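# Close look at the chain arrangement
Residues per chain, in single letters:
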Amino acid sequence: EDQVTQSPEALRLQEGESSSLNCSYTVSGLRGLFWYRQDPGKGPEFLFTLYSAGEEKEKERLKATLTKKESFLHITAPKPEDSATYLCAVRGNTGKLIFGQGTTLQVKP
Amino acid sequence: DSGVTQTPKHLITATGQRVTLRCSPRSGDLSVYWYQQSLDQGLQFLIQYYNGEERAKGNILERFSAQQFPDLHSELNLSSLELGDSALYFCASSGRGHGTEAFFGQGTRLTVV
């Protein structure tokens, strides 16, 4: 069964303090690993798709990387507006898009 | 704006009742997914449709059902509602291919009283 585990559950950073979020996955035939950002009461907002080990994607202060078992979302010099829940999801051969529980990030000024 | 439209935004109903949630996917997207997100819980996959056909099923209760119509919009029907069904229900859509990303609507907040 496809499974996604994210850590930590919650992360508090000072503005400018860089860190990484982890997403461990098991999937039958990875078709894509996806990162989303979700603000309270809103729908998840798509950030990145990664397809194969070694791939990296960047957007502003965010950089996503992928290995055969994990993905990391690196946040460089975060700002308070980066505060949100970050979700990781995988899609395998079943076609199901399975999400982890998310990491709630709080960035204090 | 993701291009995925969900209606209604809010719904308050009593236990035992039946409701229908509606989703219009992004133009050209053939796949529609439904998710349930309870308070402080992750996104639980319910069901996926592709071009009118059921493609994958998650932990969807027997009291819940869904369908995708020829114009590709989808409806999620929830019946015999219980207090525990109170949650945010999200719809997402994606294009052809397993590797394509899904875009989410803003959700329907269901409150069962």
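Position numbers for residues start from 1 in each chain and track the written sequence from start to end. Going through the entries in the order they are written, you letter the chains from A and number the ligands from 1. Only residues with pLDDT of at least 70 get local features here, since the model is predicted, and only at 80 or more are side-chain atom pairs given and counted; chain-wide, interface and lining totals rely on the full set of residues. With hydrogens and water excluded, all non-hydrogen atoms of the structure serve as input to the side-chain values.

### Regarding the overall build of chain A
For chain A, the count of helices and strands is zero helices and 11 strands. Numbering goes from the N terminus for both helices and strands, where a helix is a DSSP run of H or I of at least four residues and a strand is a run of E of at least two. Reading chain A from its N end, one meets helices and strands in the order β-β-β-β-β-β-β-β-β-β-β. Scaling as 2.2 N^0.38, a compact globule of 109 residues should have a C-alpha radius of gyration of about 13 Å, and chain A matches this with 13 Å. For chain A, the spread of C-alpha atoms along the principal axes amounts to about 45 × 30 × 20 Å. Relative accessibility decides the category of a residue: with a 1.4 Å probe and only protein chains considered, values under 20% of the type maximum give buried, values over 50% give exposed, and everything between is partly exposed. By residue count, 47% of the 109 residues in chain A fall in the buried class. Considering only intrachain contacts with a sequence separation of at least 6, the fraction spanning at least 24 residues in chain A is 55%. For every accessible area listed, the method is Shrake-Rupley and the probe measures 1.4 Å; residues are considered covered only by the protein chains on display. Approximately 5300 Å² of chain A is accessible, and the part contributed by carbon and sulfur atoms is 47%. As used throughout, the charge tally considers Lys and Arg to be positive and Asp and Glu to be negative, leaving His and the chain termini uncounted. The atom standing in for a charge is NZ when the residue is Lys, CZ when it is Arg, CG when it is Asp and CD when it is Glu. Computed over 14 positive and 14 negative side-chain charges, the inter-centroid distance for chain A is 3 Å. For the radius of gyration, the atoms used are the C-alpha atoms, and the globule rule reads 2.2 Å times the number of residues raised to 0.38. Any two residues having at least one pair of non-hydrogen atoms within 4.5 Å are treated as being in contact.

### Regarding the pattern of salt bridges
Think of a salt bridge as a Lys or Arg side-chain nitrogen and an Asp or Glu carboxyl oxygen that are within 4 Å of each other. In the structure shown here, the tally under the stated rule is seven salt bridges over all chains. Between Lys-63 of chain A and Glu-56 of chain A there is a salt bridge, with its nearest N and O atoms 3.3 Å apart. The exposure class of Lys-63 of chain A is partly exposed, given its relative accessible area of 27%. Measuring nitrogen to oxygen at the nearest pair gives 2.8 Å for the salt bridge that ties Arg-63 of chain B to Asp-85 of chain B. With Arg-63 of chain B in the loop between β6 (53-57) and β7 (64-68) and Asp-85 of chain B in the loop between β8 (74-78) and β9 (87-94), this pair connects stretches of sequence that are 22 residues apart. Asp-85 of chain B matches Arg-63 of chain B in its accessibility class, with the two residues each being buried. Each of Arg-63, Glu-82 and Asp-85 of chain B takes part in one network of salt bridges that share partners.

### Let's talk about the state of the cysteines
In this description, a disulfide is simply a cysteine sulfur pair whose atoms lie within 2.5 Å. Overall, the coordinates contain two disulfides over all chains when judged by the stated rule. Disulfide pairing places Cys-23 of chain A opposite Cys-88 of chain A at an S-S distance of 2.0 Å. Since a negative S-S torsion denotes a left-handed disulfide, the Cys-23 of chain A-Cys-88 of chain A link at about -60 degrees is left-handed. Residue Cys-23 of chain A is located in strand β3 (residues 19-26), and its partner Cys-88 of chain A is located in strand β9 (residues 84-91); the two are separated by 65 residues in the primary sequence. Accessibility assignment for this pair places Cys-23 of chain A and Cys-88 of chain A in one class, buried. Across the disulfide, Cys-23 of chain B is cross-linked to Cys-91 of chain B (sulfur-sulfur distance 1.8 Å). Disulfide Cys-23 of chain B to Cys-91 of chain B: torsion about the S-S bond roughly -50 degrees, handedness left-handed. Residue Cys-23 of chain B is located in strand β3 (residues 19-24), and its partner Cys-91 of chain B is located in strand β9; the two are separated by 68 residues in the primary sequence. Here Cys-23 of chain B matches Cys-91 of chain B in class, with each residue buried.

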